[in-house]
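The chain contents come next:
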Amino acid sequence: MGKKNAMPSKILKALALGMGAFAANLHGQTSEPSAPDLAWGVQIPMHDGVTLNATIYRPHGSSRPLPVVFTFTPYISDSYHARGMYFAQHGYVYALVDVRGRGNSKGQFDPFRTEGADGAEVVEWFAKQPWSNGKVAMWGGSYAGFDQWAVAKEFPPHLATIVPAASGHPGVDFPHDRNVFAPYIVQWLTFTSGVTGQGNLFGDAAFWNAKFWDLYSKHLPFRSLDSLVGNPSSVFQTWVSHPARDTRWTGLNPSPEQHHRLTIPVLTITGAYDDDQLGALTYYKEHIANATPEARARHYLIIGPWDHAGTRTPSREVGGVQFGEASLLDLNQLHVAWYDWTMKQGPRPSFLSQRVAYYLMGAEEWRFAGSLDEIATGTLQLFLQSAGLANDLYASGSLAESRPASSLKDSYVYDPLDLRPGARELTASANYLTDQADLQDTFGNGLIYHTAPFPAATEITGQLKLTVWLSMDVPDTDIQATVYEILPDGRSIRLTQDRMRARYRTSFTTGTLVRPGVAERYDFEGFTFFSRQIAKGSRLRLFIRSPNSIGLEKNYNAGGVVAEESGKDARTAHITLYHDSEHPSKLEVPIVRR
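Below: a short report on this structure.

Definitions and limits used
- Residues numbered from 1 in each chain as written.
- Predicted model: local features only at pLDDT ≥ 70, side-chain atom pairs only at ≥ 80, totals over all residues.
- Heavy atoms only, no water.
- Helix = DSSP H or I, 4+ residues; strand = E, 2+ residues; numbered from the N terminus.
- Rg over C-alpha atoms; globule rule 2.2 N^0.38 Å.
- Buried < 20%, exposed > 50% of the residue type's maximum accessible area, 1.4 Å probe, protein only.
- Contact = heavy atoms within 4.5 Å.
- Areas by Shrake-Rupley, 256 points an atom, 1.4 Å probe, with all protein chains shown as cover.
- Lys, Arg positive; Asp, Glu negative; His and termini not counted.
- Charge placed at Lys NZ, Arg CZ, Asp CG, Glu CD.
- Polar contact = N/O pair within 3.5 Å; in protein donor to acceptor, adjacent residues only side chain to side chain.
- Pairing = 2+ DSSP bridges.
- Axes fitted to C-alpha atoms, helices over the stretch in contact; angles between N-to-C directions.
- Core = buried A, V, L, I, M, F, W, Y, C linked by side-chain atoms within 4.5 Å.
- 1 Å grid on protein atoms, 1.4 Å probe; cavity = no way out; pocket = protein on both sides within 12 Å on 5 of 7 lines; lining within 4 Å.
- Points joined across faces, edges and corners; volume = space filled by probe spheres on them.

1. A word on the overall build of the chain
Working step 1: On a plain count of helices and strands, the chain comes out with 16 helices and 29 strands.
Working step 2: For the chain, the C-alpha radius of gyration of 25 Å lies close to 25 Å, the compact-globule estimate for 594 residues.
Working step 3: With respect to the three principal axes, the spread of C-alpha positions in the chain is 80 × 55 × 55 Å.
Working step 4: Considering the chain as a whole, with its 594 residues, one finds that 56% of them fall into the buried category.
Working step 5: Long-range contacts, defined here as pairs at least 24 residues apart, represent 74% of the contacts in the chain between residues at least 6 apart.
Working step 6: Total accessible area on the chain stands at roughly 24400 Å², and carbon and sulfur atoms take up 53% of it.
Working step 7: Computed over 54 positive and 59 negative side-chain charges, the inter-centroid distance for the chain is 2 Å.

In structure tokens:
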């Protein structure tokens, strides 16, 4: 049992590590170590009397005013202690601020609703402090990327720059992604429930998989998930009542007019496998489209090979895909260089030689361009065709540059009561980008098409576009398209994916039910950006199916309110894909020839 007064081993280990770092700092020095000066529990007043909590790190002994960088987070300020230490040791006052209703901040947390106005007041409060020189910047990703845009659209006078990474975009990719919710949002709401962190519960994969399986296997309405989990949430209930990109979401993001007015320098960061890439690039593209030429020239973009977490702390491996050493960009150092440039009149970061930096997987090197639009030098048009069968990995359809000569068509069946796909997910491989289990047996749900082997190594960089002509015998369903590289040895690498709820085929804001039996055009234009050198002898694979997953809100194909549908409403969908001269289904691939 040990002594009652003995320190737990974890604390002893932490102290040992801390003293090791302390000693390392002292090595070769005769002066005292430069640990930052800390101010904990600082209260920042808002206009309505609510106070927000901040932990402030200042360079040790600094007597002159400095620029301030702050993170505005619902994840409790202590989560970012290491960042606070780093930036304070590199010449900046750094502040971690809990958003309203989280951590030690007062008020009620209402996700996405108050960060813009509150954050603008935080900026101006920092600007007035004696240790501030009046220049204020922001740091952070995901939710803390969203709230940088939310604050920027309020135009606080002393906001000097933002560096939004992996920014969630309400109504675009969170809490629903292309109008389709995911059970994860209840997991996230539980993580951010109350005022303290719920890290252990949030990270208990076995618990969440069991709850999501219950929802899936018992064919329960998605709207019941919060109660099923044991955390009834008014926020969740409000969210699922707004599956379209309606005014509930649009008011949280900058309008075209606000983008036009936004002139501060911006550095956007995302990754090829970032779950919030769609959100990050939507902010980027909307600003580029509406900004003045001067503002566009000050908006830089980095797209690494990373996943969501890697947009702040890069890793050389994601889901079974390995990257080169060059992928390990020192993002802390780059942030300091960016802040030095935008707030201290330093030189532009050497890495940002042009306005767009992207990582070319396969070649394992960084490439640079003046804009996203100028990267691709051509488009490879690949037409879907088959001999009337495309349902099997080994008897698939083809993707060819020639237009189809026949009028054959392909079809598949999606039964929302089929539990086999979800059961397979319970034992899925951690190598989710290279695993091919979904294609070994599609259970009749899906169509597969392959290109011929590439005759030479070929760079594909950009966002694909897929146009397919479909008919179905139900008023609604979900359709997902995934593209892979199939290497000469048979290994697979997932490259990009898009998804659509059929009722939103012409508009993300207004749903229109499908006319059964009528062939209609479906344009998939939300594929994630990727850059990869396709190896000589590799093929591209396109997999089209209706998702049937424990990780997504299930569409029971009935045409009602999807979140309220259950197994009793289920209808089996029979879906036909056309690829003839009148219905040219095709995949458009951006090619870079040098």
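2. Section: the side chain of Asn548
Working step 1: With respect to the helices, strands and loops of the structure, Asn548 is situated in the loop between strand E27 (539–545) and strand E28 (573–578).
Working step 2: Of the polar contacts made by the side chain of Asn548, one reaches the backbone oxygen of Asp418; its length is 2.9 Å.
Working step 3: Apart from the residues lying within four places of it in its own chain, the contact partners of Asn548 are Tyr216, Tyr414, Asp415, Asp418, Pro421, Gly422, Asn445 and Lys554.

3. Side note on the pairing of E27
Working step 1: Where burial is concerned, most of E27 is hidden: six out of the seven residues are buried.
Working step 2: Here strand E20 (residues 447–450) pairs with E27 via four bridges, running antiparallel. Bridging from a neighbouring strand, Ile448 pairs with Phe543 of E27.
Working step 3: As paired elements, strand E23 (residues 478–486) and E27 share seven bridges and run antiparallel to each other. Bridged to Tyr484 within E27 is Arg541.

4. A few points about the sheet that holds strand E2 (residues 51–58)
Working step 1: Taken together, six strands build an open sheet; the order of strands is E1-E2-E4-E3-E5-E7 and the sheet is mixed. Pairing within the sheet leaves two strands with one partner each, and these edge strands are strand E1 (37–45) and strand E7 (159–161). Looking at each pair of strands side by side, their axes are set apart by 35° on average, direction ignored.
Working step 2: With two bridges joining them, strand E5 (residues 132–138) and E7 adopt parallel strand pairing.

5. Some points on the nonpolar core
Grouped burial of nonpolar side chains is what soluble globular proteins tend to show.
Working step 1: Phe126 and Ile302 are the most contacted members of the largest nonpolar core, which has 136 residues in total.
Working step 2: In this view, Ile302 contacts Leu267, Thr268, Ile269, Thr270, Leu329, Leu334, Phe351, Leu352, Ala357 and Trp366; residues no more than four positions away in its chain are not counted.
Working step 3: With 12 residues, the next largest nonpolar core counts Leu301, Ile303, Tyr358 and Ile375 among its residues.

6. Structural notes on the layout of surface pockets
Working step 1: One number sums up the size of the second largest pocket: a volume of about 680 Å³.
Working step 2: Lining the second largest pocket are 28 residues; nearest its centre among them are Val172, Arg245, Leu278, Thr282 and Phe508.
Working step 3: Mapped by element, the contributors of at least two residues to the lining of the second largest pocket are helix H10 (247–250), helix H12 (277–290), strand E24 (492–501) and strand E25 (520–524).
Working step 4: No other element matches the five residues that H12 contributes to the lining of the second largest pocket.

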